[in-house]
Amino acid sequence: NNNTTFSAQLAKLNSGAPTAGVPLGAGDGTPEPTDMALGQVIESSNFLNAFRSNVAKYAIIITDAPAGGDDDNFNAVDYARIGSLTTTALTNGIKVFVLGTGVNATYVSGGVTVYPWREISVNTGGNYNVSESPTAIQNEIIAGCS
C-alpha cells in the first residue's frame, strides 16, 4: 500500500549525484566483484547484522558484467562461489534478483553454457531482467512478493 512512496525512492536509482541519487557507475574492468558484495550482505553479520526471521528478504543486484571475485576474472572458482552463495541464500530464505545486461553473461561449465546470474536468481526464488530501470526493479520486487 505504499506504492507512491516506494516508487519515489526507487526512482532515485541511476539518477543525480550522491546524495540526491545513486548513479550507476562504470567499473574498472570486467568481470566485477559483485559476488563479493553479495557475500558481504548475506554472509557477514558484521556488515549488515542479522536478517530478521519471518520476513521477506531480497537481494537486488544491478550489474552489467559477470562476477569476478577479487581478480577481475570469471572462472570455475567464481562459478563455484555463485553456487555457494545460492546455497547460503536458500538456507536464509533470501531471494536474489539480478538486473542489467550482466544476466546475459555466460560461462562454459563441463561443456555446457550456463548463465550464472540467471541461475542464482532463479534458484533462490528471485528473478532476473536485462533491464535495470526503476520500473523493472519495482516490477520484479512486486512479482517476488506473490
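Refer to the structure above for everything that follows.
On a predicted model such as this, the values are computed, not experimentally measured, just so you know.

Asker: Run through the sheet that holds strand β5 (residues 128-129), naming residues and quoting values.
Answerer: Strand order in this open sheet of three strands is β1-β2-β5, and the pairing throughout is parallel. In this open sheet, the two edge strands, each paired with only one partner strand, are β1 (57-62) and β5. Of the strand pairs in this sheet, β1 and strand β2 (residues 94-99) are connected by six bridges, and their pairing is parallel. Residue Y58 lies in a different strand from β2, and its bridge partner there is K95.

Asker: Which residues make up the environment of V103, and what are the values?
Answerer: By secondary structure assignment, the location of V103 is in the loop between β2 and β3 (107-109). Look at V103 and you get buried, because its relative accessible area is 1%. Residues in contact with V103, not counting those within four places in the same chain, are V98, Y115, W117, R118, Y128, N129 and V130.

About the criteria used
- Residues numbered from 1 in each chain as written.
- Predicted model: local features only at pLDDT ≥ 70, side-chain atom pairs only at ≥ 80, totals over all residues.
- Heavy atoms only, no water.
- Pairing = 2+ DSSP bridges.
- Helix = DSSP H or I, 4+ residues; strand = E, 2+ residues; numbered from the N terminus.
- Buried < 20%, exposed > 50% of the residue type's maximum accessible area, 1.4 Å probe, protein only.
- Contact = heavy atoms within 4.5 Å.

Any functional reading would require information that these geometric values do not contain.
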